[in-house]
Amino acid sequence: MPAFLVQITIPVVLALFHVVGPMPTDLATDGGHLSPCPGPEHCASSQWIVKDSSAALKQLSERIKATPRTEIVEQRANYLHATYSSRIFGFVDDVELSATDAVTLEARSISRLGESDLGVNAQRLESLGSTIETPEA
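Residues numbered from 1 in each chain as written. Predicted model: local features only at pLDDT ≥ 70, side-chain atom pairs only at ≥ 80, totals over all residues. Heavy atoms only, no water.

1. Some thoughts on the nonpolar core
Right, on to step 1. Residues Trp-48, Leu-60, Ile-64, Leu-97, Leu-105, Leu-128 and Ile-132 are the most contacted members of the largest nonpolar core, which totals 18 residues.
Right, on to step 2. Within the residue set of this core, elements represented by two or more residues are β3 (43-49), α2 (53-65), β5 (79-85), β6 (92-101), β7 (104-111) and α3 (120-129).
Right, on to step 3. A per-element tally of this core places α2 first, with four residues.
Right, on to step 4. When sequence neighbours within four positions are dropped, the list of residues in contact with Leu-97 reads Trp-48, Leu-57, Leu-60, Ile-64, Asn-78, Tyr-79, Leu-80, Glu-106 and Ala-107. (Core = buried A, V, L, I, M, F, W, Y, C linked by side-chain atoms within 4.5 Å. Buried < 20%, exposed > 50% of the residue type's maximum accessible area, 1.4 Å probe, protein only. Helix = DSSP H or I, 4+ residues; strand = E, 2+ residues; numbered from the N terminus. Contact = heavy atoms within 4.5 Å.)

2. Re the side chain of Ser-35
Right, on to step 1. Tracing the backbone shows Ser-35 in the loop between β2 (33-34) and β3.
Right, on to step 2. Judged by its relative accessible area of 16%, Ser-35 falls in the buried class.
Right, on to step 3. In this structure the side chain of Ser-35 is engaged in a polar contact, spanning 2.8 Å, whose partner is the backbone oxygen of Asp-26. (Polar contact = N/O pair within 3.5 Å; in protein donor to acceptor, adjacent residues only side chain to side chain.)

3. A few points about the environment of Leu-80
Right, on to step 1. In this fold, Leu-80 is placed in strand β5.
Right, on to step 2. Counting along the chain gives 52 residues from Leu-80 to Ala-28, while the straight-line C-alpha distance between them is 8.5 Å.

4. What to know about the pairing of β7
Right, on to step 1. The element β7 is extensively covered by neighbouring structure, given that eight of its eight residues are classed as buried.
Right, on to step 2. What you see with β7 is no split at all: Thr-104, Glu-106, Arg-108 and Ile-110 on one side and Leu-105, Ala-107, Ser-109 and Ser-111 on the other are buried throughout.
Right, on to step 3. As paired elements, β3 and β7 share seven bridges and run antiparallel to each other. Its bridge partner lying in β7, Ser-45 is registered against Arg-108.
Right, on to step 4. Summarising the sheet, β6 and β7 pair through eight bridges and their orientation is antiparallel. Looking at β7, one finds that Asp-94 is bridged to Ile-110. (Pairing = 2+ DSSP bridges.)

See the structure below:
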């Protein structure tokens, strides 16, 4: 079987059985910051300068709670970890938000399975970032 068919077939078969993959081992903050993405193929990260990082984190928490197929796994004063599940196959992505200081909010979204997320994680962070209030230029 050609290699590209194996790369496509295995995740699809696993998804049919709702195998969501292992939770990333590098979640949570290390030294006050989120872990860097291991590569752009299935991970995206952003850093936003906001008026109030705690307020922005709370706002995004409410938005995530209202989003279908999401679950907040852990929430602290300056940190949030949530999971997003895809509608059809149930693929799970882990999303982290961290208020690193009074005006900086870091975000990371990483897929648990697959070689590529087809840009889903970057789109998710772009959508989340478009809803928070930033200082005027």
